[in-house]
Amino acid sequence: MKRSRKTLQPGRQRKLLSLLSLPVFAFLVVPTLIVVPVALNNSRYITFPPGGVSLAAVQGFFADQAWTSALSASMQAAGIAVVLGTVFGASAALGLHGRKFPGQQAVVGLVLAPMIVPTVVLALAFYQFFISVGLVGSIIPIGLAHAVIATPYVYLTTRASLAGLNPALVRSAQSLGAGMLSVFRHVHLPVILPGLISGALFAFSVSIDETVMALFMQSPGATTLPVKMFTDIQFNLTPKIAVSSALLVTVATIGLLIQVVYVLKRRSTARMMPLAV
Amino acid sequence: MTTSVIAPATHQPSTTAARKGAIDLRQVRKTYGDVVAVDQLDLSIQPGEFVTLLGPSGSGKTTTMMMVAGFEEHTSGSVMIDGVPVDSLPPRERNLGVVFQNYALFPHMSARENVEFALRMRKVPKAESRRRADDALDRVGLSGLGGRKPRQLSGGQQQRVALARALVFNPAALLLDEPMAALDKRLREHMQEEIKTLQKSLGISVLFVTHDQDEAMAMSDRIVVMKDGRIVQSGPPEEVYNHPVTDWVASFLGDTNLIPATVISRDGEEAVVDLAGLGTGRVRDRGAQGERYAVSIRPEHLKFRAGPDGENGGAGELTSSTNLGATIRHRITVGGHSLQLRELSSDAGASGHAVGSAVHVGWDADKAQLLVLEG
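Residues numbered from 1 in each chain as written. Chains lettered and ligands numbered in written order. Predicted model: local features only at pLDDT ≥ 70, side-chain atom pairs only at ≥ 80, totals over all residues. Heavy atoms only, no water.

Even after reading the chapter, I still don't get the sheet that holds strand 8 (residues 205–210) of chain B, so can you show me in this structure?
Backbone-to-backbone hydrogen bonds pair the strands of a sheet. The strands run either parallel or antiparallel. All names here are of chain B. In space, the six strands of this open sheet follow the order 6-7-8-3-9-10, with mixed pairing throughout. Whereas interior strands pair on both sides, the edge strands pair on one side only; in this sheet they are strand 6 (96–99) and strand 10 (230–235). The average angle at which neighbouring strand axes cross in this sheet is 15°, direction not considered. Of the strand pairs in this sheet, strand 9 (residues 222–227) and strand 10 are connected by five bridges, and their pairing is antiparallel. Across the sheet, M226 pairs through a bridge with I231, a residue of strand 10. (Pairing = 2+ DSSP bridges. Helix = DSSP H or I, 4+ residues; strand = E, 2+ residues; numbered from the N terminus. Axes fitted to C-alpha atoms, helices over the stretch in contact; angles between N-to-C directions.)

What is the right way to look at the UniProt feature "domain: ABC transmembrane type-1" (unreviewed entry) in chain A in this model?
Taking the numbering used here, the UniProt-annotated feature "domain: ABC transmembrane type-1" (unreviewed entry) corresponds to residues 71–262 of chain A. The distance separating the terminal C-alpha atoms of residues 71–262 of chain A is 27 Å; by composition the span is 81% helix and 0% strand. (UniProt positions renumbered as here; feature names shortened; annotations may be inferred.)

Is there a simple way to think about the environment of V58(A) in this case?
Residues and elements named next belong to chain A. Mapped onto the elements of the fold, V58 is located in helix 3 (residues 56–63). The exposure class of V58 is partly exposed, given its relative accessible area of 22%. Along the sequence, V58 and S244 sit 186 residues apart, while their C-alpha atoms lie 8.6 Å from each other. In contact with V58, not counting residues within four places along its chain, are A39, L40 and V243. (Buried < 20%, exposed > 50% of the residue type's maximum accessible area, 1.4 Å probe, protein only. Contact = heavy atoms within 4.5 Å.)

Hey, could you run me through empty space enclosed by the protein in this one?
Space left empty within the atom packing is revealed by a probe, the size of a water molecule, rolled over the atoms. All names here are of chain B. Under the criterion given, the structure shown has one cavity of 30 Å³ or more. Volume-wise, the largest cavity comes out at about 40 Å³. At the level of elements, helix 4 (155–167), strand 7 (173–177) and helix 5 (185–202) are the ones that each hand at least two residues to the lining of the largest cavity. A per-element tally of the lining of the largest cavity places helix 5 first, with four residues. (1 Å grid on protein atoms, 1.4 Å probe; cavity = no way out; pocket = protein on both sides within 12 Å on 5 of 7 lines; lining within 4 Å. Points joined across faces, edges and corners; volume = space filled by probe spheres on them.)

When you look at the layout of surface pockets in this model, what are you seeing that I'm missing?
All names here are of chain A. By volume, the largest pocket is sized at about 890 Å³. If you trace the largest pocket, you find 30 residues lining it, with R99, V170, Q174, V183 and H188 closest to the centre. Looking at the lining of the largest pocket, the elements with two or more residues in it are helix 4 (65–96), helix 8 (167–175) and helix 9 (180–209). With five residues, helix 8 is the single largest residue contributor to the lining of the largest pocket. Of the residues assigned to the lining of the largest pocket, the class counts are 14 nonpolar, nine polar and seven charged. (Nonpolar A, V, L, I, M, F, W, Y, C, P; charged D, E, K, R; others polar.)

Shown next as structure tokens:
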């Protein structure tokens, strides 16, 4: 066996790794965070570097009915996407778990398709579909479309957590007298809950972020925040755009933090329990 | 490791009421495509009886239990509990307590919540269900540990919780699927005794599945030996052990000496056989029919003799002696056969044979069993 001379000690390897990772990390995060100082700028236009600190733009954002209604439209669409996407994705994961039937892979592919099909294709398809069924001019079609693209995320996170399910638990609950609903509540739900939560957060951020479909199906009163930003940035370069960006970054960060805290809490409770054998 | 003893049952089953828990399988068959997992099985478990399905993996023993529990649907035949066919009942309506191989405790529930689960499903009032769960935990020696989560309990304690959970709702019978497989040897032996004591005090019928012949011997009222989806032999442990019907059963239930035999005459109880190289002798017979026969003599039933006296034996040479602690295993070549003789270490001093010396060995006629050579 030839020993590589380039082998480093584990401690030095780690240092080198973090040294290399830092610029990558900065490259990924810093451009996003630039919106925060811009939003807190005291200028009437978008400028960088900012001249001075002021909450004027933030106040202006919340005073402007066009922007607040866009925020509310986004929240409504995200609400529909989270609820329906979670129900669809979790049902698909539970229904396909531990089963084998002909065409199963095709069903899985169908569930995952919204992740793979280009958004603009989906947007056009949804646009035509909702026009043909006469469901336009409200936030509902946007929410429904977002629910479809959120479903694969919930499906994947739920499926991952179901991998840890001991199938004997289902049988033992049945032998103790549990019906289908009780088995779901006492056996499946505790196992898939982490997957459901992270899936729901994914669904939320997918919807909040989605622009193309929301642009196709926009209407007065159904203009989401990214759409409002996109249209405004072409004609009306105000710091309110930066404020809404900062708002989205904040929401995404909160979502991420919830997940981190949840994971850490589970880990620490797991560690507190001595593993008796 | 917990070493507490099962507390006496606080609620003795009423002896006046007709005892329940009879399980009957009639011509039960299970196929997976072309594969026959269980073939035309007939089995009756009497109320209060401890019956063990013993067999290697793939013998159909677990499938049989799962069909009784209702998790597997049989292809044909009928399963009855207390005389009522349950073929169309889902598991939750069969009222059977099941203990699974790795206990299958609900990990997010405390021990008490696990035990209470069946009562919750039966809508038993909270106060009563809590009292009954605590009683059940007392009975398995886990008083005071009800608040612990399964992962905070040792393997033996988890198994006790699983037992309490399976018993708390007064099931018709208890089904145990290799419940001791995950425990170490000492704890396993301890739990065998505890489960047996508990079963006797409750008078509950048990269907037990294992591939461990010692466990089957130690616990059962009746052992049902299975192979390839069929029952090969069924009877009390001593009978199955001492009077196996085939060489396969004899070898599966421990060590044995098999001597090829030619039947000279037989009357169903006793047979006169010619043992190649060992002369003729009388052996026990259970009337099993086959093409080729052999005589099985357990190593502990083969004895050293002082001289060439009596039938059923012969002269040979001691080829090896291995001290196994409690017992000593000798190998003796007699009439062209290499036989195993096992004696207690404490008895060895008296005989004191040296390896290579000439010895006389023999056996009692009622300890030699005529059986069918398979395959």
